[in-house]
Amino acid sequence: MKLATYKDGSRDGQLVVVSRDLSQAHYANGIATRLQQVLDDWNFLSPQLEELYTTLNHGRARHAFAFDPKLCMAPLPRAYQWLSGSAYLSHQERLHQARGAELPDGLSREPLLQRGASDAFLGPCEPARFAAEAMGPDFEAQIAVITGDVALGASPAQALEGVRLLALVNDWTLRQLMQAEPGRGLPQCKPATAFGPVAITPDELGEAWKGGRVHLNLQTQWNGRKVGQCEAGEGMHFHFGELIAHLARTRALRAGSIVGSGAVSPKDASRGYGCIAEKRALETLEHGEPRTEYMKFGDSIRMEMKGLDGQSLFGAIDQDVLSLHEAAEPDSATAD
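Residues numbered from 1 in each chain as written. Predicted model: local features only at pLDDT ≥ 70, side-chain atom pairs only at ≥ 80, totals over all residues. Heavy atoms only, no water.

Colleague: Tell me what's going on with the state of the cysteines, and back it up with residues and numbers.
Modeller: Each disulfide consists of one covalent bond between the sulfur atoms belonging to two cysteines. Tallied over the full model, the rule gives zero disulfides. Sulfur of Cys 189: no disulfide; nearest cysteine sulfur belongs to Cys 275 and is 13 Å away. Cys 230 carries a free sulfur, and the closest cysteine sulfur to it, the one in Cys 275, is 9.2 Å from it. The buried category is assigned to Cys 230, whose relative accessible area is 1%. (Disulfide = S-S within 2.5 Å. Buried < 20%, exposed > 50% of the residue type's maximum accessible area, 1.4 Å probe, protein only.)

Colleague: Run through helix H2 (residues 42-57), naming residues and quoting values.
Modeller: With 16 residues, H2 extends 21 Å from end C-alpha to end C-alpha; this agrees with the ideal 22 Å at 1.5 Å per step. All of the buried residues in H2 are Trp 42, Leu 45, Ser 46, Leu 49, Leu 52, Tyr 53 and Leu 56. Taken down its axis, H2 places every buried residue within 120 degrees of arc, on the same side. Away from its buried face, by an angle of more than 90 degrees, H2 presents the exposed residues Asn 43, Phe 44 and Glu 51. Summarising the contacts, the buried residues of H2 are in contact with strand S1 (2-6), strand S2 (14-18), strand S3 (24-27), helix H1 (35-40) and strand S10 (163-170). Looking one or two residues past H2, Gly 59 carries a phi angle of roughly 75 degrees, positive in sign. (Helix = DSSP H or I, 4+ residues; strand = E, 2+ residues; numbered from the N terminus. Expected span 1.5 Å × (residues − 1). Arc of directions from axis to C-beta. Contact = heavy atoms within 4.5 Å.)

Next comes the structure, spelled out in structure tokens:
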């Protein structure tokens, strides 16, 4: 099934069920009002949502309405924890080679995970605001999983069984701040993360969900120009079960934890890139210096993943980069 959260003036929004083709939606308030409720009581509430989802897909939901991504918050607007992994070794290898550094010992054996702010995520069409272009805004195209409860000491196979939903992610990073604060835990360089309109259960992926990985292309467009057509499964060294199990080595995870893959990085560099930092690393290796600048105010970024049937799975992240005090363009869906 596919689930989204509509804006309603509150911090947690209103849960809606979305049709497979993303054309129709239906409020789930007869079952649950918030996604966290569903994650907390998954075995009881998810079958009821699946029944509504089936009815909606067959065109029999009496109170269905046209789905509008512009009205969406992040599917889970705030979470107990959000961590971004570094599951693509090609990404780390290129960044380290560009700096003339060796890949840290053990990085291929144990995943690296970085905690991000989880108290307020951005919706798919909300602008990303930054105080200055000099901070080096960079997008990061990722796939993430939202978990149920995962026990302390869970194996990778057991951890994978805890995956409830998958989501599309743009994990913003301020690269120049990252360089300025080494060893400080990177608190300032990770602003609010954006999520695609809908979160989906793994069965929506069909055969593309295999081995704890999503074997589909993640498409990224920067200012309308395609910059990434990255196969998300091929180069993912650590699958989601391994990422979750690494976290569960020392503590249990509660329902509503979100774990990201890290910037998707294709083994074949001709397929593009999932973040500007990797493009700059490739340029440094080829030309001796980076040639692509980070994002500027007025830039736009769009990310989308299509299923084996060619239909959009999560909807699209479609964001503008704005200065902190710049007014956004009026939204035709909400303007008077």
